[in-house]
Amino acid sequence: DAGITQSPRHKVTETGTPVTLRCHQTENHRYMYWYRQDPGHGLRLIHYSYGVKDTDKGEVSDGYSVSRSKTEDFLLTLESATSSQTSVYFCATSLQVSSYEQYFGPGTRLTVT
Amino acid sequence: ELKVEQNPLFLSMQEGKNYTIYCNYSTTSDRLYWYRQDPGKSLESLFVLLSNGAVKQEGRLMASLDTKARLSTLHITAAVHDLSATYFCAVDIVSVQKLVFGQGTRLTINP
């Protein structure tokens, strides 16, 4: 267990509003990831970070931005939420010493109405 | 582009039976990961396979990796209801430090 928490765990918001999801880890892992999970699509990578202030896009990054100002926190922002961003969002971390094994947070269920 | 394909995507089986989930991937990689996800829950790491021929077992689950065939299998022996879950395989891309996940296999084990 990599000590990963996500907040909020559930959120309902309206179309057009900004939303920020937070991922916090206590294991000092260098790498952090944001995924979304939707029925029929499995897990899709949104953005990832390979260090403080170092981030890169994943396969479904449009409409999302991220920031990492501290090792332990990785924020995902939906600048203007749309109904297509209704999903379950998972944060993951990885130490990447001998493998790229990732440890997942509990998830955030986001509904955009 | 690395693609990871699992089959079957849905599997319903009876307790006590044996079955295998297959994970194929499209480009060279020496490392493969299996995860389990219970309904409404997060992903839990099951196995990390780090080289060709690697085999790992935990209880009724056994995972193996054949990097030459670009294939991993997750074998279930004498299935029990508690193993009902969705199982994901993932392959890593060394150059960009990330994993690519398969679509997941939803396994239902009926008493």
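Data block above holds the structure.
Residues numbered from 1 in each chain as written. Chains lettered and ligands numbered in written order. Predicted model: local features only at pLDDT ≥ 70, side-chain atom pairs only at ≥ 80, totals over all residues. Heavy atoms only, no water.

Go over the overall build of chain A with me, naming the residues and quoting the values.
Counting its secondary structure elements, chain A contains zero helices and 11 strands. Starting at the N terminus and walking to the C terminus, you meet the elements of chain A as β-β-β-β-β-β-β-β-β-β-β. Against the globule reference of 13 Å for 113 residues, chain A gives a C-alpha radius of gyration of 13 Å, in line with a compact fold. In terms of overall dimensions, chain A has C-alpha extents of about 40 × 30 × 25 Å along its principal axes. Counting the 113 residues in chain A, one finds 51% classified as buried. Contacts in chain A between residues at least 24 apart in sequence constitute 55% of all its contacts with a sequence separation of at least 6. Chain A carries 11 positive and 12 negative side-chain charges, and their two centres are separated by 3 Å. (Helix = DSSP H or I, 4+ residues; strand = E, 2+ residues; numbered from the N terminus. Rg over C-alpha atoms; globule rule 2.2 N^0.38 Å. Buried < 20%, exposed > 50% of the residue type's maximum accessible area, 1.4 Å probe, protein only. Contact = heavy atoms within 4.5 Å. Lys, Arg positive; Asp, Glu negative; His and termini not counted. Charge placed at Lys NZ, Arg CZ, Asp CG, Glu CD.)

Report on the overall build of chain B, specifying residues and quantitative values.
Counting its regular elements, chain B contains zero helices and 11 strands. Of the regular secondary structure in chain B, the N- to C-terminal order runs β-β-β-β-β-β-β-β-β-β-β. Its C-alpha radius of gyration of 13 Å places chain B within 12% of the 13 Å reference for a compact globule of 111 residues. Overall, the C-alpha framework of chain B stretches about 45 × 30 × 20 Å when taken along its three principal axes. Across the 111 residues in chain B, those meeting the buried criterion constitute 47%. Here the analysis covers contacts within chain B between residues at least 6 apart in sequence; of these, 54% occur between residues at least 24 apart. Accessible surface for chain B amounts to roughly 5600 Å². Of this, 49% is attributable to carbon and sulfur atoms. If you average the places of the 11 positive and of the 10 negative side-chain charges in chain B, the two averages end up 2 Å apart. (Areas by Shrake-Rupley, 256 points an atom, 1.4 Å probe, with all protein chains shown as cover.)

Explain the sheet that holds strand E6 (residues 55-58) of chain B residue by residue, including any values.
Residues and elements named next belong to chain B. Here five strands make up an open sheet; going across it, the order is E1-E3-E8-E7-E6 and the pairing antiparallel. Only two strands of the sheet have a single partner each, and these edge strands are strand E1 (4-7) and E6. Ignoring which end each strand starts from, the neighbouring axes of this sheet average 15 degrees apart. Direction of pairing for E6 relative to strand E7 (residues 61-66): antiparallel, over a ladder of four bridges. Each residue of the ladder has a partner; that of Lys56, found in E7, is Ala63. (Pairing = 2+ DSSP bridges. Axes fitted to C-alpha atoms, helices over the stretch in contact; angles between N-to-C directions.)

Would you mind going over the state of the cysteines in detail, with residue names and values included?
Applying the stated criterion across every chain, the model contains two disulfides over all chains. Between the sulfur atoms of Cys23(A) and its disulfide mate Cys91(A) the distance is 1.9 Å. With the S-S bond torsion at -70 degrees, the cross-link from Cys23(A) to Cys91(A) turns out left-handed. With Cys23(A) in strand E3 (residues 19-25) and Cys91(A) in strand E9 (residues 87-94), this pair connects stretches of sequence that are 68 residues apart. The buried category is assigned to Cys23(A), whose relative accessible area is 0%. The residue that forms a disulfide with Cys23(B) is Cys89(B), at a sulfur-sulfur distance of 2.0 Å. Classification of the bridge connecting Cys23(B) and Cys89(B) rests on its S-S torsion, roughly 80 degrees, and on that basis the disulfide is right-handed. Taken together, the residues span a long stretch of sequence, with Cys23(B) in strand E3 (residues 19-25) and Cys89(B) in strand E9 (residues 85-93) at a distance of 66 residues. Cys23(B) gets classed as buried once you look at its relative accessible area, which sits at 0%. (Disulfide = S-S within 2.5 Å.)

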